[in-house]
Each structure stands twice: as C-alpha cells, then as structure tokens.
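# A look at the structure
Each chain, letter by letter, is given below.
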Amino acid sequence: MPTSSTEAEPLDTGDAAALVFVEDDGTLGPALAVEGLSGAALAVPGTQVAVHWLELAGDLTHAQAAAAARLMLADASAEPLDRMHVAVGRVEGGLTPIALVPNARMAGWLGTGLDPDVILPSPMLLPVPGTGFVLRDAGETADYRGLGAAFSIEPELAGALTGDAPVAEIDAVEFEAGLSAILAAPPLNLRQGPFARRRQWKLEAGRTRRLVLLGLALAALTLLVQIVLILGYTFAADRAEAETAALSATGPERADIRPGFGPTAALFFEAIRATPNVEMTRLEYRPDGSLTASLALDTPATLAAFRGRIEASGLRVEGGEITTSAGRPTTELIVRPS
C-alpha cells in the first residue's frame with residue numbers, strides 16, 4: 001500500500017480536508033493534508049479497481065456513457081455487471097476511463113467511517129506525463145500513469161503493459177506536490193450513481209430570516225385580499241340598500257316595488273361564502289326585488305354548485321352563460337325571490 005513522506009497521525013473522521021489511503025484489507029491507512037482540499041478524498045488500491053479505457057461518442061450524457069460502458073464491458077467482468085459499480089471519468093486522449101468495482105467493495109470503503117467527496121484509484125493520483133509513463137513505488141505493487149492509461153501492477157510484470165515506452169519514477173515529494181491540482185479536478189471519481197455523495201441541505205441564518213419574512217408577507221397579503229373582498233361585499237350591499245330606499249321613497253306610484261333586498265342579499269352572499277373559487281365583481285338591486293350579479297369563477301362545475309346552493313335557499317336563478325373576461329371565466333346571474 002502507498003506510503004507517505006508525512007507520518008500518518010490518528011485519523012479524526014470528522015476532519016474532512018485530508019487525502020486518506022485505504023489499505024489492501026479495506027482499513028484506513030495514512031492520511032495526507034493537501035493544500036486547497038476542502039473535503040475528504042479516499043485513495044483506494046489500484047489492484048482492486050479495474051479501469052478500462054473506451055472510445056465513446058463525445059455527445060453522450062454521463063448516464064448514457066455509463067449505460068454504453070455496461071454494454072461494452074459485459075464480457076470483460078468476472079462478476080455479473082448488476083453486482084458491479086460503473087464509474088465514468090474524464091475523456092483523455094480520445095479515451096474515456098471506465099472503472100468497474102464490486103458494489104460490496106464500494107459499500108465497504110464507505111463503511112470505514114469517512115464520508116469523502118472523492119474516491120479514486122491510487123494510480124489516478126499520478127500526473128499524466130508528456131510521454132511514456134510515470135511510476136510510483138507502492139511496495140509490492142507500483143502505480144503507473146500514462147496518457148489514457150492508469151494501473152497498478154508488480155514492477156516485474158509492468159513491461160507487458162508499458163512496452164518500450166519510457167518510464168520515469170517520481171518520489172514522494174513530487175507526488176505530493178501534484179496532489180492539489182489532481183484532486184481539484186479528479187480524472188475519475190467513483191462517487192457517482194448510487195454511490196454519489198448525498199449533500200445535506202442547510203439553511204443559512206440570513207436565508208431563514210428571508211423565508212420567514214416571505215411567509216409573513218404572504219399571510220398578510222392573503223388576509224388583505226379577504227378583507228378587501230369583505231369590504232367589497234359590504235359596500236355593494238350598502239349601495240343596494242340605498243338604491244332600495246331611494247326607490248321606495250319616490251312616491252305612491254312606486255308602491256308596487258317588491259321589498260326584501262336584505263333577505264335576498266343575505267342568502268346570495270351566504271352562497272358565495274360557501275362556494276370556493278367564486279368572486280362577486282358587481283351587484284345591482286332592481287326595482288322588482290331581484291339582484292343582478294357579475295361573478296368570476298374557475299369552472300362550469302363551480303357555477304353549477306353555486307346555482308344549486310342559491311336554489312336550495314329558495315331563490316330563483318336566471319342566466320348563467322359563461323364568458324371570458326381578462327382571461328378568467330365570468331357569468332351574469334339574476335337572482336329573484338321565489
């Protein structure tokens with residue numbers, strides 16, 4: 001397993017800004033403080049992650065690339081692909097790195113008590129050289145990195161993969177110096193798909209106050225609308241009462257006027273209050289004792305419910321053809337005492 005020039009100290013899993021190496025047995029190993037790292041990163045053994053480099057269409061979404069990789073690697077995995085986690089990396093030299101790792105192994109790494117932002121195979125921590133490969137000695141195995149290549153293997157077997165390409169070994173100082181840039185934009189992060197890190201939503205104090213003020217403003221606006229509607233109904237009733245009184249005072253020739261605005265209006269307003277989504281926009285009292293009203297509503301079913309309540313109270317309703325005014329259904333009704 002990789003060693004570090006910095007002596008590892010006991011890991012506090014509550015401290016997020018560190019690169020932590022995972023041992024071959026799945027336990028947490030050395031931890032490195034990396035400049036600019038805002039969250040935890042986990043480097044897992046390259047021998048436990050199979051990285052394939054595939055040529056995929058450049059216009060695929062992340063999910064489409066993962067699905068295409070599953071189809072292309074169906075015969076490349078010793079385990080069924082439904083038990084494997086597939087992670088898609090960044091295109092490099094025209095090839096896309098695709099990591100295959102058993103779901104159980106991923107769950108084990110995430111069960112170590114650390115909740116990292118990034119999980120990547122240790123070879124992906126190495127810089128990409130201009131030519132050939134770079135090598136980092138990791139004990140029994142070594143990490144190798146080239147353009148469109150990243151693997152861990154015993155040094156005596158590496159020639160089968162590196163061929164005649166030049167291989168340059170980097171020491172711990174060079175390795176650690178390049179970590180900030182690599183972890184700022186990892187070429188491959190295993191924390192995706194079902195193993196993506198779940199972000200906790202936190203409300204800032206200022207945002208909380210704004211939401212509270214917005215809620216209070218909405219409540220006040222709702223109350224104001226109700227008050228305006230009530231006042232509108234009250235003023236309309238007062239005007240109708242005044243019209244009735246004026247008509248009754250015109251002399252004996254108006255003795256045939258039918259009284260009773262108050263009871264008729266009371267039943268009319270009660271039906272409005274009892275029917276949701278009905279709003280009165282105009283009310284006129286006629287000399288014959290009837291009321292002419294303009295209503296705004298939402299659907300014919302609402303109008304039918306309103307008419308039913310009016311007629312059930314003993315009044316007669318005429319009219320009711322629905323038209324559209326200012327983008328909202330409206331209707332004109334004449335309400336008469338029975």
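These lines cover the structure that appears in this document, whether it is placed above or below. (Residues numbered from 1 in each chain as written. Predicted model: local features only at pLDDT ≥ 70, side-chain atom pairs only at ≥ 80, totals over all residues. Heavy atoms only, no water.)

## With respect to the sheet that holds strand S10 (residues 149–153)
Strand order across the open sheet formed by four strands is S10-S9-S8-S11, with mixed pairing between neighbours. Two strands close off the open sheet at either side, each with one partner strand: S10 and strand S11 (167–169). Between one strand axis and the next, the sheet turns by 25° as a mean value, whatever way the strands run. Relative to S10, strand S9 (residues 142–146) is paired through five bridges, and the arrangement is antiparallel. Bridge pairing links Ala142 to Ile153 in S10. (Pairing = 2+ DSSP bridges. Helix = DSSP H or I, 4+ residues; strand = E, 2+ residues; numbered from the N terminus. Axes fitted to C-alpha atoms, helices over the stretch in contact; angles between N-to-C directions.)

## As for the pairing of strand S13 (residues 291–296)
Here S13 lies mainly inside the structure; six of its six residues are buried. Burial of the side chains of S13 extends over both faces: Leu291, Ala293 and Leu295 are buried on one face and Thr292, Ser294 and Ala296 on the other. Hairpin connection between strand S12 (residues 279–285) and S13: a loop of five residues separates the two successive antiparallel strands, and Gly289 in this loop has a positive phi of roughly 90°. Relative to strand S15 (residues 328–337), S13 is paired through six bridges, and the arrangement is antiparallel. Across the sheet, Ala296 pairs through a bridge with Thr330, a residue of S15. (Buried < 20%, exposed > 50% of the residue type's maximum accessible area, 1.4 Å probe, protein only.)

## Some details on the nonpolar core
Among the nonpolar cores identified, the biggest contains 38 residues, and Leu19, Val49, Trp109, Leu125, Leu183 and Leu190 are the most heavily contacted of them. Not counting chain neighbours up to four residues away, the residues in contact with Leu125 comprise Leu19, Phe21, Ala43, Leu120, Phe175, Leu179, Ile182 and Leu183. Ranked by size, the runner-up nonpolar core spans 20 residues in total, among them Ala265, Val278, Leu283 and Leu333. (Core = buried A, V, L, I, M, F, W, Y, C linked by side-chain atoms within 4.5 Å. Contact = heavy atoms within 4.5 Å.)

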